Amino acid sequence: MQYVIIGSSAAGINAIEAIRSKDKKSKIVVLSDEKTPLYSRCLISYFLAGTIDEKKIWYRSENFFKENKVDTVLGVRAEKIDTDKKEITLANKEKIKFDKLLIATGASAKMESVKGVDKKGVFPLRTIEHALEMQSMLGRVKQVAVLGGGLVGLRAAYALKNRGKEVTVFVRSPQILSQIIDKGSADIMQAHIEEKGIKIKTGSAATEIKGSDSVKNLIIDNRSEYPCELVIIGKGVSPNIAIAKDAGIKTNWGILADGFLKTDNKDIFAAGDVAEAHDIALEENSINAIWPAACEQGRIAGLNMTGEKESYEGSLAMNSLEFFGLPVISIGITKPKKDIYEELIKKDENRKIYKKIVLRNGIIVGAITLNAVETIGILGTLIKNKVDVSAIKDTILEDHFNYGKIVNIVKNSKQGFKQKEFKETTMTL
Amino acid sequence: MKKIYCDIKKCIGCRACEIACAVEHSKSKKLDEAIKERPLPIKRRKAESIEGDVPRSKFPKITEAGNLEWGIVISTGCHHCEDAPCVAACMSSAMYKDKKTGQTKHDEEKCVGCWMCIMSCPFGALSRQKQDKIIVKCDLCPDRDIPACVEACQTAALFLGTEKEFKKKLCNT
Ligand SMILES: Cc1cc2nc3c(=O)[nH]c(=O)nc-3n(C[C@H](O)[C@H](O)[C@H](O)COP(=O)(O)OP(=O)(O)OC[C@H]3O[C@@H](n4cnc5c(N)ncnc54)[C@H](O)[C@@H]3O)c2cc1C
Ligand code: SF4
Ligand code: SF4
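First things first, this report covers the structure right here in the doc. Quantities reported herein were computed from a predicted structural model and do not represent experimental measurements. (Residues numbered from 1 in each chain as written. Chains lettered and ligands numbered in written order. Predicted model: local features only at pLDDT ≥ 70, side-chain atom pairs only at ≥ 80, totals over all residues. Heavy atoms only, no water.)

This next bit is on the overall build of chain B. Within chain B one finds 6 helices and 8 strands. From first element to last, N terminus to C terminus, chain B shows the α and β order β-α-α-β-β-α-β-β-α-β-β-α-β-α. In summary, chain B has a C-alpha radius of gyration of 17 Å against a globular reference of 16 Å for 173 residues, a match within 12%. Seen through its principal axes, chain B has C-alpha atoms that stretch 50 × 40 × 30 Å. Counted over contacts in chain B with a minimum sequence separation of 6, partners at least 24 positions apart contribute 57%. With the model as given, the accessible surface of chain B reaches about 8,600 Å², and the carbon-plus-sulfur share is 54%. Averaged over its 31 positive side-chain charges, chain B has a centre that lies 1 Å from the centre of its 24 negative ones. (Helix = DSSP H or I, 4+ residues; strand = E, 2+ residues; numbered from the N terminus. Rg over C-alpha atoms; globule rule 2.2 N^0.38 Å. Contact = heavy atoms within 4.5 Å. Areas by Shrake-Rupley, 256 points an atom, 1.4 Å probe, with all protein chains shown as cover. Lys, Arg positive; Asp, Glu negative; His and termini not counted. Charge placed at Lys NZ, Arg CZ, Asp CG, Glu CD.)

Put into structure tokens, the structure is as follows:
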């Protein structure tokens, strides 16, 4: 048996560990076009901010591949998958055979289609290389423009503010973090970030990036100018599906993965940001391009590659952010579009607290908590287990909501809460 | 593995476990000095009322009818889950499983305060230490044979042991 994994980030690494937990002997080959895998991608903005040093960015020890007896081909791109011959062709024309393949090629940063994005000093923030390059030019940067008010854009803005730069974020939509939280919570967060000295311009976008070789200024909304030496593009990501699509593997927005994270080819699996798999709240296939989902999918795909029959329950959109001491966490559907949903909101502007739950037929499908985040994991549990929470729905938004308040629900749930530890808490009730 | 169990039938919500936990995790390990420490030592166990809408800020009291105002109470903390969701979510591998003991451990040095673990813990067992931007959680009191909360529990609701031992204890009492 020869396992091959394309991509060595969250999904790939977890797959290696899962395979090795079942199969100590077979050969595993990992392919990555990054020379430095094994770092935590989520930490690169912390690194850019200077709040952690390079040592902390490693997600596994440097001996990881050796300890797990993994052969690596690093810094070379996989170009083609031949599904008949079960063979991969690399950019250097080398060919590698596989019996079971995992495609964990993740996602790439979307680039803005505005004129001038090819100038020096314009970056996405997706890899450690991007962070290192930006870091090396910080000495001559005074003003920074961030295009996009999503998670990565704002993390980058925060990082550069922390480095003493003047930062302005241009957000096309009327609110920041529009993919993650609702306007009510976003407005509180935006005011807080602005109080701390980052400028945010919602409803405005760059129409051109100007400069001879390096960026000098931006044209905003075809009108005003904004001088800057560094531009960061935070326009979200798109899954790296080309290699799968060209091989005839079924794709949609991402690579379609079934309840075992298998593609439509029985020997090829997909996991992580590239995989389009079941979403628990939406009850359909979707991509949740987040770290915990990539880890779990990698683990389950890895197990199934060894012949296990581990089913995948699906993922939930979830994100955790903190800016200048104000945390916000969201899970599931937070901005419902149809009226079959019920929304309950509690807001306390003085304490900068905002909580919201979204329900569908009495079942909680989404939640946002701002500045009162400690108990949101409990809500995630309720979402995953799809239990009727009508009886406690008002308590959920109270300050004193905690695990105790759902013990009865856990105890009485017919289908049973999935994780075994729940039983321990209700054994004596 | 050995961990802390709560017998709900015995817990009266006196919150002695909470105080003992906070004191054990203070610098001085003495209550009178611990309350002066900054940042304030943080408890990793919480007594939580199961029924009724009694705010946590109140201490339990007996109603005129002679019942606990808090109703039924559970003392909870980290359950050291076998497939720990907090470990799976941690982006810096600060949260990890101790391969020998099975405990869920936390490395403060590696923690970046991203709160992904909070987002994932089904029990709300984690707290933020805001000053250093790190997580604190039940560590089963590494400096003691018996965790401080278990020792402090006057009704013997809290128990340290394996699941089997806990079940046996329930049968015998
Ligand atoms: C700055 C930043 C902050 C983030 N913060 C958070 C956060 O707080 N919380 C959260 O949940 N998520 C966060 N994310 C998202 C998270 O990093 C991703 O969800 C996660 O990394 C996905 O892992 P993956 O293994 O699926 O893919 P990736 O991490 O994208 O890795 C895929 C790897 O495959 C390689 N590859 C691709 N194609 C090929 C090929 N043809 N041949 C060889 N190699 C190839 C890529 O170069 C890459 O190394 C953040 C991302 C960024 C950039
Ligand atoms: S912190 Fe929460 S998720 Fe992690 S082991 Fe403890 S109870 Fe389980
Ligand atoms: S807060 Fe710390 S322990 Fe929790 S997920 Fe983030 S880095 Fe890991």
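Moving on from the model shown.
Before going further, it helps to spend a moment on a positive patch on the surface. All names here are of chain A. Where like charges cluster on the molecular surface, the positive patch consists of Lys22, Lys24, Lys25 and Lys69. As for its placement among the helices and strands, Lys24 is situated in the loop between helix H1 (10–22) and strand E2 (27–32). Residue Lys24 is classed as exposed on the basis of its relative accessible area, which comes to 54%. (Patch = residues over 30% accessible without salt bridge, like charges linked within 9 Å, V, L, I, M, F, W, Y side chains within 5 Å. Salt bridge = Lys/Arg side-chain N within 4 Å of Asp/Glu carboxyl O. Buried < 20%, exposed > 50% of the residue type's maximum accessible area, 1.4 Å probe, protein only.)

When glycine is set aside, most residues are seen to have a negative phi, and most peptide bonds are trans. A cis amide bond, omega -5 degrees, links B:Arg38 with the succeeding residue B:Pro39. Counting through the fold element by element, B:Pro39 comes out in the loop between helix H2 (31–34) and strand E2 (46–49). The residue A:Leu261 is not glycine, and still its phi comes out positive at about 65 degrees. Take A:Leu261: it is sitting in the loop between strand E18 (255–256) and strand E19 (268–270).

Taken together, 13 residues lie near ligand 3, and B:Cys90, B:Ser92, B:Cys111, B:Cys114 and B:Cys117 sit nearest. Considering only residue class, the shell around ligand 3 consists of 10 nonpolar, 3 polar and no charged. (Near = heavy atom within 4 Å. Nonpolar A, V, L, I, M, F, W, Y, C, P; charged D, E, K, R; others polar.)

This next bit is on the pattern of salt bridges. The final tally for this structure, using the stated rule, is 39 salt bridges over all chains. Between A:Lys97 and A:Glu87 there is a salt bridge, with its nearest N and O atoms 3.5 Å apart. Linking A:Lys97 in strand E6 (residues 95–97) with A:Glu87 in strand E5 (residues 87–90), this pair joins segments that are 10 residues apart in sequence. A residue is classified by how much of its surface remains accessible, and A:Lys97, at 46% relative accessible area, is partly exposed. Accessibility expressed as a relative area gives 11% for A:Glu87, which makes it buried. In this structure, B:Arg128 and A:Glu322 form a salt bridge, with 3.8 Å as the shortest nitrogen-oxygen distance. Here B:Arg128 is found in strand E6 (residues 127–129), whereas its partner A:Glu322 is found in strand E22 (residues 318–323) on a different chain.

On to the pairing of strand E14 (residues 217–220) of chain A, then. Residue and element names in this part refer to chain A. Going residue by residue along E14, you find Asn217 and Ile219 tucked away on one face and Leu218 and Ile220 tucked away on the opposite face as well. In this sheet, E14 lies alongside strand E13 (residues 206–210) in antiparallel orientation, the contact comprising 4 bridges. Looking at E14, one finds that Ile209 is bridged to Leu218. The hairpin formed by E13 and E14 contains 6 residues between the paired strands, and Gly211 there has a positive phi angle of roughly 145 degrees. In the sheet, E14 pairs with strand E15 (residues 224–227) via 4 bridges, with the strands oriented antiparallel. Looking at E15, one finds that Asn217 is bridged to Pro227. Here E14 hands over to E15 after 3 residues, with Asp221 in that stretch at a positive phi of 50 degrees. (Pairing = 2+ DSSP bridges.)

Packed helices, taken two at a time, are described by the angle their axes make and the gap between the axes. All names here are of chain A. Remark: H1 packs on helix H8 (residues 291–305), axes separated minimally by 7 Å, with the N-to-C direction vectors making an angle of 35 degrees. Taken as a pair, H1 and H8 cross one another with a handedness that is right-handed. Across the interface between the two elements, Ala10, Ala11, Asn14, Ala15, Ala18, Ile19, Ser21 and Lys22 from H1 touch Trp291, Ala294, Cys295, Gly298, Arg299, Gly302, Leu303 and Met305 from H8. Considered class by class, the residues forming the contact of H1 with H8 number 10 nonpolar, 4 polar and 2 charged. (Axes fitted to C-alpha atoms, helices over the stretch in contact; angles between N-to-C directions. Left-handed = near helix turned anticlockwise from the far one by under 90°.)

Before going further, it helps to examine the side chain of A:Thr428. Note that A:Thr428 resides in the segment after helix H11 (421–426). Engagement of the side chain of A:Thr428 in a polar contact is seen with the backbone nitrogen of B:Ile8, the distance being 2.8 Å. When sequence neighbours within four positions are dropped, the list of residues in contact with A:Thr428 reads B:Cys6, B:Asp7, B:Ile8, B:Lys9, B:Phe166 and B:Leu170. (Polar contact = N/O pair within 3.5 Å; in protein donor to acceptor, adjacent residues only side chain to side chain.)

Another point: helix H9 (residues 376–385) of chain A. With 9 of its 10 residues buried, H9(A) lies for the most part within the structure. Within H9(A) the residues assigned to the buried category are A:Ile376, A:Gly377, A:Ile378, A:Leu379, A:Gly380, A:Thr381, A:Leu382, A:Ile383 and A:Asn385. Where H9(A) is buried, its residues contact strand E23 (326–332), strand E25 (353–360), strand E26 (363–370) and H11 of chain A together with helix H4 (116–120) of chain B.

For the rest of this paragraph, the subject is the nonpolar core. All names here are of chain A. If you look at the biggest cluster of nonpolar residues, it comprises 176 residues, and the most contacted ones within it are Leu31, Ile88 and Leu230. It is H8 that provides the largest number of residues to this core, a total of 7 residues. If sequence neighbours within four positions are ignored, Ile88 has contacts with Val4, Ile6, Leu31, Ala78, Lys80, Ile81, Glu94, Lys95, Ile96, Phe98 and Leu101. Listed in part, the 14 residues of the second largest apolar core include Val114, Leu218, Ile220 and Cys228. (Core = buried A, V, L, I, M, F, W, Y, C linked by side-chain atoms within 4.5 Å.)

It is worth spelling out the site of ligand 1 at this point. The local shell around ligand 1 holds 33 residues, among which A:Ser9, A:Asp33, A:Glu34, A:Arg41 and A:Arg126 are the closest. Residues within reach of ligand 1 are spread across chains A and B. Taken by itself ligand 1 offers 1,000 Å² of open surface, and the protein chains cover 96% of this. Elements supplying a minimum of two residues to the shell around ligand 1: H1, helix H5 (151–162) and H8 of chain A. For the shell around ligand 1, a count of residues per class yields 19 nonpolar, 7 polar and 7 charged.

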